[in-house]
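# Structure at a glance
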Amino acid sequence: MAADQRPLAIALMGPTASGKTAAAIALAKAHDGEIVSVDSALVYRGLQIGAAKPDAAEQAGIPHHLLDLRDPWQTYSAAEFAVDAAAAVGDIVARGKLPILAGGTGLYFRALLQGLSPMPEADPELRAGITAEAEVLGWPALHAQLAEVDPAAARRIHATDPQRIQRALEVHRLTGRPISYWQAQPGIARLPARVLKLVLAPAERAVLHQRIERRFDLMLENGFLDEVRGLRALPQMAAVAAPLDLPAIRAVGYRQAWQFLDGQGSAAEFRDKGVFATRQLAKRQLTWLRGELDARWFDPHMQMDRLGDAVSRFLAR
C-alpha cells in the first residue's frame, strides 16, 4: 500500500475558555507552525475583548489566519470559511510550515474536515420574517413547524436553538426542500490533509465554569462594554434595523451586552446573563466534541505535556 502523502495538520478544539489560544501558540512555537482560527466570532473586525481575540503580543512572531475578515454588520458562512481555511492551509503547507487549526466553532470544523453540502444563500428578508413570526408564536412553535416539513432536522435541532431553527425553515421556504436534503448532497470537499484532532477541556465541569466566570469578569475589567458601545456608535451598525440578528452580535456576550446597553436589566443581571450564556455555549461545544470519536482529550491543567508528546509523535510518523 502506498504511503499517505497528504500534508499534516493539527486541529486543536475545545470549549470556550479552555486555553486553546495559549496552547495553539505554544504548539506553533515548538513546531514552526502557523495558526488558522476556527472561530465564528474572530472573523469580525471590532470584536476583540468579548471574543477573546489574540492581541498583538500573543500574535507576535506567529502568523494568524482568518482573523478580521468581515465588518460586524456583514455575514460570513461556514462555506466561505471552508474555502478560505483550505486556501490558508495550502499556503502554510507550501511554505513548509505546520497548520494548526484552533478554535471551538463546530460547524466550521465540520465544513473544513468533513466537507460541506451545497446550501442556498441566506435571504435577509425571509429571515426577518421568520424572526418576526417567532416573536409572536415562540421558537418552540416554529420548531414544531420544522418537525412537520423536516423531521430529521427537527430531531437534531433543539427547540431552544433559534439560529438553527431559523436556518432550517429558511432553506425549506427558499427551495421547497428540507435542509436535511441539502446536507446530503455533495458539495465542498474535505480538507486534503492528515489531521490530528486534539480536544482541550478540563476534566471537571466546575473548573471550566470557574474559568468562564473569571474570563468574563476580566473582559469587563478590560473594557468590554466600551467595546460594544463603540460598535453601537458605528454608522453602519446604526443603520441596521435588527442588529441583534447579525451573526456578530449573536456572539456570546455581545448579545447580552447590547441588550444591557439598550436598558434591559442591571449591570449585575447583565454579568450573570453573560456568564450563563457562555456556560451554555460551552455545554453545546462539549456535546459536539463528544461526537468527534477520533479526537484525543487532554486536561489543560494536568496533561499539557502529554498533548505535546502526542503532537510530536504524530509529526514524527
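From a predicted model like this one, the values you see are computed outputs, not experimental measurements. (Residues numbered from 1 in each chain as written. Predicted model: local features only at pLDDT ≥ 70, side-chain atom pairs only at ≥ 80, totals over all residues. Heavy atoms only, no water.)

## Brief notes about a positive patch on the surface
Selection criterion: Residues enter patches when their relative accessible area tops 30% and they take part in no salt bridge; the joining distance is 9 Å for like charges and 5 Å for the nonpolar side chains Val, Leu, Ile, Met, Phe, Trp and Tyr. Here the accessible surface of atoms and residues is derived via Shrake-Rupley with a 1.4 Å probe, and residues count as covered only by protein chains that are part of the display. The salt bridge criterion pairs a side-chain nitrogen of Lys or Arg with a carboxyl oxygen of Asp or Glu, the two atoms within 4 Å. Only four residue types enter the charge count: Lys and Arg as positive, Asp and Glu as negative, with His and the chain ends excluded. Every charge is mapped to an atom, namely NZ of Lys, CZ of Arg, CG of Asp or CD of Glu. A run of H or I in DSSP becomes a helix once it reaches four residues, and a run of E becomes a strand once it reaches two; helices and strands are each numbered from the N terminus.
A cluster of like positive charges, contributed by Arg 296, Arg 306, Arg 313 and Arg 317, occupies part of the molecular surface. For Arg 313, the location among the structural elements is in helix 16 (residues 304-316).

## Some details on empty space enclosed by the protein
Keep this limit in mind: In the cavity and pocket records, a cavity denotes points on a 1 Å grid over the protein atoms alone where a 1.4 Å probe fits but cannot get out, a pocket denotes an open set with protein on both sides within 12 Å along at least 5 of 7 lines, and lining residues are residues with an atom within 4 Å of a point. Grid points are joined across faces, edges and corners, and a volume is the space filled by probe spheres set on the points.
Scanning the entire structure with this criterion turns up one cavity of 30 Å³ or more. Every residue along the wall of the largest cavity is listed here: Gln 256, Gln 259, Phe 260, Gln 264, Phe 270 and Lys 273. Secondary-structure elements contributing two or more residues to the lining of the largest cavity are helix 14 (254-261) and helix 15 (267-290).

## What to know about the pattern of salt bridges
The condition that has to hold: Only protein chains enter the calculation, and the probe is 1.4 Å; a residue is then buried if its accessible area is under 20% of its type maximum, exposed if over 50%, and partly exposed in between.
The full count for this structure, using the stated rule, is 20 salt bridges. Linking Arg 194 and Asp 4 is a salt bridge whose minimum nitrogen-to-oxygen distance equals 3.8 Å. Placement of the pair is Arg 194 in strand 5 (residues 194-200) and Asp 4 in the segment before strand 1 (8-13), with a sequence separation of 190 residues. Overall, Arg 194 belongs to the partly exposed group, its relative accessible area being 23%. For Arg 232, the salt bridge goes to Asp 262, with nearest N and O atoms at 3.0 Å. One end of the pair, Arg 232, is in helix 11 (residues 224-233); the other, Asp 262, is in the loop between helix 14 and helix 15, with 30 residues separating them in the sequence.

## A look at the sheet that holds strand 4 (residues 98-103)
Counted only if it meets this: Whether two strands pair comes down to DSSP finding at least two bridges between them. We call two residues in contact when some of their heavy atoms are within 4.5 Å. Angles here are taken between N-to-C directions and fall from 0 to 180 degrees, while the axes themselves are lines fitted to C-alpha atoms, restricted in helices to the stretch in contact.
On the basis of which strands lie adjacent, the open sheet formed by six strands has the order 3-2-4-1-5-6 and parallel pairing. Looking at the sheet topology across the chains shown, the edges are occupied by strand 3 (64-65) and strand 6 (296-298). Sheet topology places strand 5 next to strand 6; three bridges connect them, and they run parallel. Following the sheet pairing, Leu 198 is matched in strand 6 by Arg 296. Set on the sheet, helix 15 makes contact with strand 1, strand 5 and strand 6; between it and strand 6 the angle comes to about 140°.

## Some points on the packing of aromatic side chains
What counts, and what does not: Between 30 and 60 degrees the pair is tilted, below 30 it is stacked and above 60 it is edge-to-face, where a pair is any two Phe, Tyr or Trp rings, Trp via its six-membered ring, whose centres lie within 6.5 Å. Note on criteria: charge over ring means Lys NZ or Arg CZ within 6 Å of the ring centre, with the direction from the centre no more than 35 degrees off the ring normal.
Taken as a whole and assessed by the stated rule, the structure comprises eight aromatic pairs. Pairing Tyr 76 with Tyr 108 gives two aromatic rings, centres 6.3 Å apart and planes at 75°, and the pair type is edge-to-face. With Tyr 76 in the loop between strand 3 and helix 3 (78-94) and Tyr 108 in helix 4 (residues 106-113), this residue pair connects regions lying 32 residues apart in the sequence. Given a relative accessible area of 8%, Tyr 76 falls into the buried group. On the numbers, 5.3 Å between centres and 10° between planes, the contact of Phe 260 with Phe 270 is stacked. Note that Phe 260 is positioned in helix 14 and Phe 270 in helix 15, a separation of ten residues in sequence. Summarising the burial analysis for this pair, Phe 260 and Phe 270 share the class buried. Of note, Arg 177 hangs over the ring of Tyr 181, and the distance from its end group to the ring centre comes to 4.2 Å.

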